[in-house]
Amino acid sequence: MACSDEPPEDGGLADAGPLSDGGSSGDAGSNSADATVAGATSLPFPTLHHLTVEWAFSGDANANGVVTVRYRAAGTHPWREALPLRRVAAGSNEGFSWTGRHSGSVFDLQPGTTYELELTLTDPDGGTTTRTTTATTRPVPVPMASAPIKAVTPATFASVAASAQPGDILQMGAGTYAGFDWSRSGAEGRPVVLRGTAGVVINGAINLFAQAYVHLEGLTVNGRIRFNGSKHIAIQRCAINASNTYGGDGIVTFTRAENAYIADNVVTGLTQWAEASLGVSGDNLGEGIAVTGPGHVILHNRVTGFRDGISLLEDDEAVDQFSIDILNNDLSGNADDGIEADFCFHNCRIVRNRLTNNFIAVSSQPGLGGPTYFVRNAIYNAVHVAFKLYRGSTGDVLLHNTVVKNGDAFGIYAGRPVAHLYARNNLFLGGAGGTFNGYSSGTGRVLHVPDLEVASSSLDHDGVGSTTDTVTGRLGTSTFGSLQTLRTGTSEQHAVQVDLTAFANTVAYPAAPLTLYARPDLRIRADSAAANAGQPLPNINEGFAGLAPDLGAFEAGADLPVFGPR
Ligand SMILES: [Ca+2]
Ligand SMILES: [Ca+2]
Ligand SMILES: [Ca+2]
Ligand SMILES: [Ca+2]
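Conventions we followed
Sequence order as written defines residue numbering, which begins from 1 separately in each chain. Chain A is the first chain written and ligand 1 is the first ligand written, with later ones labelled in order. A pLDDT threshold of at least 70 governs which residues receive local features in this predicted model, and a stricter bar of 80 or more applies before side-chain atom pairs are shown or counted, although totals over entire chains, interfaces and linings include all residues. To get the side-chain values, all heavy atoms of the structure are used, and hydrogens and water are removed first. Disulfides are defined as cysteine sulfur pairs within 2.5 Å. Three exposure classes are used, based on accessible area relative to the maximum for each residue type with a 1.4 Å probe and protein chains only: buried under 20%, partly exposed in between, and exposed over 50%. Criterion used throughout: strands pair if DSSP finds at least two bridges between them. Numbering of helices and strands runs from the N terminus; a helix is a DSSP stretch of H or I covering at least four residues, while a strand is a stretch of E covering at least two. Any carboxyl oxygen of Asp or Glu within 4 Å of a side-chain nitrogen of Lys or Arg constitutes a salt bridge here. pLDDT gives the predictor's per-residue confidence on a scale running from 0 to 100. Whether two residues touch is decided by their heavy atoms; if any such pair falls within 4.5 Å, the residues are in contact. Note that water is not among the atoms considered, so a metal site may appear incomplete; the donors listed are N, O and S atoms within 2.8 Å of the metal, with 3.2 Å applied to Na, K and Ca. By convention a nonpolar core is built from buried Ala, Val, Leu, Ile, Met, Phe, Trp, Tyr and Cys residues, the set being connected through side-chain atoms within 4.5 Å. The rule is short: rings of Phe, Tyr and Trp, with Trp giving its six-membered ring, pair when the centres are within 6.5 Å, and they are stacked under 30 degrees, edge-to-face over 60, tilted in between. Note on geometry: a ring has a charge over it if NZ (lysine) or CZ (arginine) is within 6 Å of the ring centre and within 35 degrees of the ring normal.

1. Concerning the state of the cysteines
Inspection of every chain in the model, using the stated rule, returns one disulfide. The disulfide bridge from C344 ends at C348, spanning 2.3 Å between sulfur atoms. Here the S-S torsion is close to 105°, and the disulfide linking C344 with C348 is therefore right-handed. Here C344 falls in the buried class, since its relative accessible area comes to 0%. Assessed through its relative accessible area of 1%, C348 is described here as buried.

2. Describing the sheet that holds strand 45 (residues 473-475)
Strand order in the open sheet formed by four strands is 37-42-45-46, and the pairing between neighbours is mixed. The strands lining the two open edges of the sheet, one partner per strand, are strand 37 (410-411) and strand 46 (478-480). In the sheet, strand 42 (residues 447-449) pairs with strand 45 via three bridges, with the strands oriented parallel. Across the sheet, L447 pairs through a bridge with G473, a residue of strand 45.

3. Section: the pattern of salt bridges
Per the counting criterion, the structure on display carries 25 salt bridges. One salt bridge in this structure joins E258 and K231, with 3.8 Å as the shortest N-O distance. Residue E258 is found in the loop between strand 21 (251-252) and strand 22 (261-263), and its partner K231 is found in the loop between strand 18 (220-226) and strand 19 (234-236); the two are separated by 27 residues along the sequence. When salt bridges with common partners are traced through the structure, they connect E94, D315, R391 and R416 into a single cluster.

4. Here we look at the confidence of the model for the protein
Model confidence for the protein is summarised by a mean pLDDT of 95, while 95% of its residues fall at 70 or above. For the stretch residues 1-29, pLDDT sits under 50, and the model shows 64 contacts to residues farther than four places along the chain or on other chains.

5. A look at the coordination of the calcium ion (ligand 2)
The protein atoms that coordinate the calcium ion (ligand 2) are E287 (OE), E287 (OE), D308 (OD), S311 (OG) and E340 (OE), at distances of 2.2 to 3.2 Å. Going along the chain, you hit the donors of the calcium ion (ligand 2) in the pattern E-x20-D-x2-S-x28-E. Between the calcium ion (ligand 2) and the calcium ion (ligand 3), the interatomic distance is 4.1 Å, and D308 donates to each metal, bridging them. Like D308, the residue S311 is buried in the burial classification.

6. Here we look at the coordination of the calcium ion (ligand 4)
On the protein side, the calcium ion (ligand 4) has N532 (OD1), A545 (O), A548 (O), D550 (OD) and E555 (OE) as donor atoms, found 2.2 to 2.4 Å from it. Taken in chain order, the donor set of the calcium ion (ligand 4) reads N-x12-A-x2-A-x1-D-x4-E. What makes A545 partly exposed here is its relative accessible area of 41%.

7. Brief notes about the nonpolar core
Core analysis: the biggest nonpolar cluster contains 86 residues, and W182, F227, F387 and F410 have the highest contact counts within it. Per-element accounting of this core gives the leading share, six residues, to strand 34 (residues 378-388). What W182 contacts, discounting residues up to four positions off in sequence, is F157, A161, A164, L170, V192, L194, N207, L208, F209, Q211 and V214. Core analysis: the second largest hydrophobic core is formed by 21 residues, V507, I524, A533 and F563 among them.

8. Describing the packing of aromatic side chains
When we look at a pair of aromatic rings, we describe it by the centre distance and by the angle of the planes. Overall, the coordinates contain 15 aromatic pairs when judged by the stated rule. Joined through ring pairs, the aromatic side chains of F157, Y177, F180 and W182 make up one cluster. For the cation-ring pair, R72 lies above W79, with the distance from its terminal atom to the ring centre recorded as 3.9 Å. One residue, R86, lies across the ring of Y422, its end atom 4.4 Å from the ring centre.

9. Here we look at unusual backbone geometry
Of the consecutive residues H77 and P78, the connecting peptide bond is found in the cis state with omega at -15°. Put simply, G370 and P371 share a cis peptide bond, and its omega is 0°. The residue P371 is located in strand 33 (residues 368-375) in this model. Phi is positive for H232, close to 55°, though the residue is something other than glycine. The backbone phi angle of N539 is positive, close to 75°, even though this residue is not glycine. Tracing the chain through its elements places N539 in the segment after strand 47 (496-497). Look at N539 and you get buried, because its relative accessible area is 5%.

Okay, here's the thing in structure tokens:
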């Protein structure tokens, strides 16, 4: 099945505002196969904080086309620079295929705001051109202004629910409610809101199948919330306690849904943090938050004790998994993956999450051409691997992540190529390893990616270290045994060596990974080797302190972001 050449149902070109060719320059008339022939641009499925930008192309046989991006809120000045788009070569993997295009995201925007974008395609062989376009981020979902508030009790809930109208707020009074199927949709600007007050408990499952614009707020659910096939669902400030009756899952859609907003929830599973729980075949159960379909925003949740904390769907269950934000979540005690961003088609943004005591911190198994962005995640005690870039993962982008783990700091044991990997400004710290439920954590190598497809990948400006006080590992066929040979023998020309004293506060080595370690403060000292060792990246690290960006998830001395519920 094709994953990129089907036009999105909405949020695509039709909603992207006027497109104008800004004229072309250079050798645009060249017939050379090396010239770029520009195709359509699209901005499918804006989220609250990010825009996906895609620009199809053909030609460019010598693969040197580049698209730079500038943006500004409409009507404001000046332009701000964003990251260049990633050049995605056409490809296929695991039953999916994708077309050649430039693709990427504009990060950290304001909700409900129209942005102007200027896209400049440059190819020295011909095809250079500029386009401008606009797109609008989604607003934070809120009830209708002056919405009627209808008080309900466990005794009156069913009858009031049966006649709920778009815009209604059903204010649920204290008491115990049974699970229910909800079948009253709201409308844009007029959501149906089910709002819990103190003492509201739902024992059972809430099913929102093929609904639109329904909000669930402040509910305690001993069971599961499912929203299969629904659009514009908001689930906020709920406490979900998973149950064996419902597969141990928390908040899930098992079929294509769109534009869900899942925020500030506490989702608690049944899996124990124990050696027998670890791994895909371990004694673990349930998905904390699982989605498929485009446009979902999963932010500021605390998810603990599942097989996978936050998950996309896999293989033939994965449908249109693009333009998905997973931001500022706090994940711990998940015995397979903290965040399983598998089968991301493009532009999934896994940003500023805190992952403590998970078997694998984040997974891209595989990325389907990318870009799949992992930015400023703070990872402590990932037992097996921090980044599971497996099954031929293509197009992963790792920027400003911090990893402190047992064994190899950044080890990928894929057995298949890791392609089009781009990594900058990360901090990878490992040490002496061990074996946990049959899985080795590695031996304390700092970077060990023997399957790296070196020609399509670029890693640099990373900080590495090991409690073994060695700098060893392998990137592709290049092995290294010192910082010097890492720098001279691989793309890591600006790598630096760090150790646990780089952190401003005491950070213990996770020597016993089955410990439930407290969540550490992983901010570095301003006088450590990790300070000012980063590469400037527009829209990612401007505003840094000192001479240059610092490595890892946090600039020294900066306030920590909020992880989990606000
Ligand atoms: Ca070219
Ligand atoms: Ca999963
Ligand atoms: Ca998994
Ligand atoms: Ca700095």
